[in-house]
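The primary structure of each chain is shown beneath.
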Amino acid sequence: MSRPIHLPPILETLAELRDTLSEMRHAQKRIGFVPTMGALHEGHLSLVRASQAECGVTVVSIYVNPTQFGPHEDFSRYPRTLDFDLHALATCDRTPLLVFLPKNESMYPEGFSTWVEPGPVAEPWEGQIRPGHFRGVATVVLKLFNMVGPDIAYFGQKDYQQATLIRRMVDDLNLPVKIRVRPTVREPDGLAMSSRNRYLSPEDRQRALVLWKSLCLAKELVASGQRDAATIVAQMEDLIRTVPEARIDYVALVDPDTLASVAQVHGRTAALIAVKLGATRLIDNAVLDPTGI
Ligand code: PAF
């Protein structure tokens, strides 16, 4: 007999959220938080499960944040799949889960004019190509932290620059929350899970494998002793160019904390890539470690 599905409770106002969470805090429950824009996939669910493993209650927010999309980006067509998301979350039933669906009026009330201006870590790579994106991300994440008041918040390594910037913001602004960055969840063939993968045509879905292949190549080169960043980047780019439809935005080897380009791979180094296939932009990354793994 199949088990009945219990959809998680939905909270839409800050007052409801605060009332519910204050009861939880009273009961000494640790609050875990997974901010999302919905269109949930296994990557998000792995963050929820990580939270459930160490927190007494987990809040998942679903909010497609308009301020992190540029004027020509996919805000209006970004997938909104609430019913599917709630059913996916219902499978994470280890410890209590609350879904927070903030409204635009409470996120950006009339006259809204206060922003978080992230520092140099937000400037290169995604920051260069998507001006204003990280200002929108940092602002909405700080607002959500203030609303939820989590003990621990969970982010995916898939958005490496975003996770680095959030860590920086938490340190810089003394926010009382611990940040956990969890490994990227991949399809069996290596493609990093992303809400945007659904935009890919079947042909581009196949072509998209070149991102993971180029990261694997970087790992192999480092494992075989190559330390020169320019050589590794050139070989990754050559591999990506074997797929003529793939347009490279950037391939970079960077310091894992500052995200500044490195000349040599001596310590842990992040390999970051962004590639366009048709109208879809894909990003991926891997941490290269010359000392072993
Ligand atoms: O990674 C995302 O889905 C978004 O950037 C986030 C952190 C939920 C902020 O809108």
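Coordinates for the structure precede this section.
Residues numbered from 1 in each chain as written. Predicted model: local features only at pLDDT ≥ 70, side-chain atom pairs only at ≥ 80, totals over all residues. Heavy atoms only, no water.

Engineer: Just to check I follow, could you spell out the sheet that holds strand S1 (residues 10-11) for this structure?
Structural biologist: In any sheet, the strands associate via hydrogen bonds between backbone groups, in a parallel or an antiparallel arrangement. Within the open sheet, the six strands sit side by side as S1-S4-S3-S2-S5-S6. Their pairing is parallel. Only two strands of the sheet have a single partner each, and these edge strands are S1 and strand S6 (178-182). The pairing of strand S2 (residues 31-36) with strand S5 (residues 152-156) spans two bridges and is parallel. The residue of S5 that forms the bridge with Gly32 is Ile152. Along the sheet, helix H2 (residues 42-54) makes contact with S2, strand S3 (57-62), strand S4 (97-100), S5 and S6, crossing S5 at roughly 155°. (Pairing = 2+ DSSP bridges. Helix = DSSP H or I, 4+ residues; strand = E, 2+ residues; numbered from the N terminus. Contact = heavy atoms within 4.5 Å. Axes fitted to C-alpha atoms, helices over the stretch in contact; angles between N-to-C directions.)

Engineer: Any chance you could explain the sheet that holds strand S8 (residues 269-277) here in plain terms?
Structural biologist: Ordered by their spatial adjacency, three strands build an open sheet running S7-S8-S9, and the pairing between neighbours is antiparallel. The open sheet has two free edges, formed respectively by strand S7 (246-254) and strand S9 (280-288), since each of these has just one partner strand. Strand-to-strand twist across the sheet, computed as the mean angle between neighbouring axes with direction ignored, equals 10°. Both S7 and S8 contribute to a ladder of eight bridges, which runs antiparallel. When the sheet's bridge partners are listed, Ala252 is paired in S8 with Leu272. Helix H10 (residues 229-241) rests against S7 and S8 of the sheet, and its axis sits at about 160° to S7.

Engineer: Mind showing me how you'd approach the site of the ligand here?
Structural biologist: Taken together, Pro35, Thr36, Met37, Asn65, Gln68, Val140, Val141 and Gln162 make up all the residues around the ligand. When the ligand sits alone it has 290 Å² of accessible area, and the protein chains cover 89% of it. Secondary structure elements with two or more residues in the shell around the ligand: S2 and helix H6 (133-148). Looking at the shell around the ligand residue by residue, the classes come out as four nonpolar, four polar and no charged. (Near = heavy atom within 4 Å. Areas by Shrake-Rupley, 256 points an atom, 1.4 Å probe, with all protein chains shown as cover. Nonpolar A, V, L, I, M, F, W, Y, C, P; charged D, E, K, R; others polar.)

Engineer: Explain the environment of Gly127 here, please?
Structural biologist: Inspection of the secondary structure puts Gly127 in helix H5 (residues 126-129). Gly127 sits 35 residues away from Gln162 along the chain, and the two C-alpha atoms are 9.8 Å apart. When near neighbours in sequence (up to four residues on either side) are disregarded, Gly127 contacts Ala122, Phe134 and Gln161.

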